[in-house]
Amino acid sequence: MNINLIELGKNIKAERNRQFLSQEKLAELIGIQTHHISKIERGLVDIKFTTLISILKALDLKFEQLFKLD
């Protein structure tokens, strides 16, 4: 599976905004720094699988849902 990091980041940001969460709050919920959330949302870093799972849990999403968001 080829994952487009930019699209993944856009989908994370869209869902975070849909839930009215700030980058700061999401970072706090999953235990990483805010600037790392920013880099993930812009597709600038490879996301660790464990971080992705933490984001999914914090946003109450299934893996498949993150890739179907527009």
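Predicted, not measured: the structure shown is a model, and the values here were computed from it.

The rules we used
Residues numbered from 1 in each chain as written. Predicted model: local features only at pLDDT ≥ 70, side-chain atom pairs only at ≥ 80, totals over all residues. Heavy atoms only, no water. Buried < 20%, exposed > 50% of the residue type's maximum accessible area, 1.4 Å probe, protein only. Helix = DSSP H or I, 4+ residues; strand = E, 2+ residues; numbered from the N terminus. Arc of directions from axis to C-beta. Contact = heavy atoms within 4.5 Å. Core = buried A, V, L, I, M, F, W, Y, C linked by side-chain atoms within 4.5 Å. Axes fitted to C-alpha atoms, helices over the stretch in contact; angles between N-to-C directions. Parallel < 35°, antiparallel > 145°, perpendicular 65-115°, else oblique. Nonpolar A, V, L, I, M, F, W, Y, C, P; charged D, E, K, R; others polar. Patch = residues over 30% accessible without salt bridge, like charges linked within 9 Å, V, L, I, M, F, W, Y side chains within 5 Å. Areas by Shrake-Rupley, 256 points an atom, 1.4 Å probe, with all protein chains shown as cover. Salt bridge = Lys/Arg side-chain N within 4 Å of Asp/Glu carboxyl O.

Caption draft 1: Spotlight on helix 4 (residues 49-58). By the burial criterion, the buried members of helix 4 are Thr-51, Leu-52, Ile-55 and Leu-56. Here the buried residues of helix 4 occupy an arc of 140° about the axis, which is enough to place them on one side. In this structure, helix 4 carries Thr-50 and Lys-57 as exposed residues pointing more than 90 degrees from its buried face. Here the buried face of helix 4 lies against helix 1 (5-18), helix 2 (23-30), helix 3 (34-41) and helix 5 (63-66). Taken from the residues just after helix 4, Asp-60 is the one with a positive phi, measuring 55°.

Caption draft 2: Examining the nonpolar core more closely. Counting 15 residues, the largest nonpolar core has Leu-8, Ile-12, Ile-47, Leu-52, Ile-55, Leu-59 and Leu-66 as the members making the most contacts within it. For this core, the elements supplying multiple residues, two or more each, are helix 1, helix 2, helix 3 and helix 4. When residues no more than four places from it in sequence are discounted, the contact partners of Ile-55 are Ile-12, Ile-30, Ile-40 and Ile-47.

Caption draft 3: Structural context of the environment of Phe-20. For Phe-20, the location among the structural elements is in the loop between helix 1 and helix 2. For the pair Phe-20 and Leu-8, spaced 12 residues apart in sequence, the C-alpha to C-alpha distance is 18 Å.

Caption draft 4: Looking closely at the packing of helix 2 against helix 3. Interhelical geometry of helix 2 versus helix 3 gives an angle of 110° and a closest axis separation of 8 Å. The pairing of helix 2 with helix 3 is recorded here as roughly perpendicular in orientation. Seen from helix 2, the contacting residues are Gln-23, Glu-24, Leu-26, Ala-27 and Ile-30; seen from helix 3, they are Thr-34, Ile-37, Ser-38 and Glu-41. Grouping the constituent residues of the contact of helix 2 with helix 3 by class yields 4 nonpolar, 3 polar and 2 charged.

Caption draft 5: Up close: a nonpolar patch on the surface. Nonpolar side chains collect at one region of the surface, where Ile-3, Phe-49 and Phe-63 lie side by side and expose about 280 Å² of accessible area between them. Take Phe-49: it is sitting in helix 4. Relative accessible area serves as the criterion here: at 59%, Phe-49 is assigned to the exposed category.

Caption draft 6: Summary view of unusual backbone geometry. Here Phe-20, not a glycine, exhibits a phi torsion of approximately 55°, which is positive. Phi at Asp-60 is positive, roughly 55°, even though this residue is not glycine.

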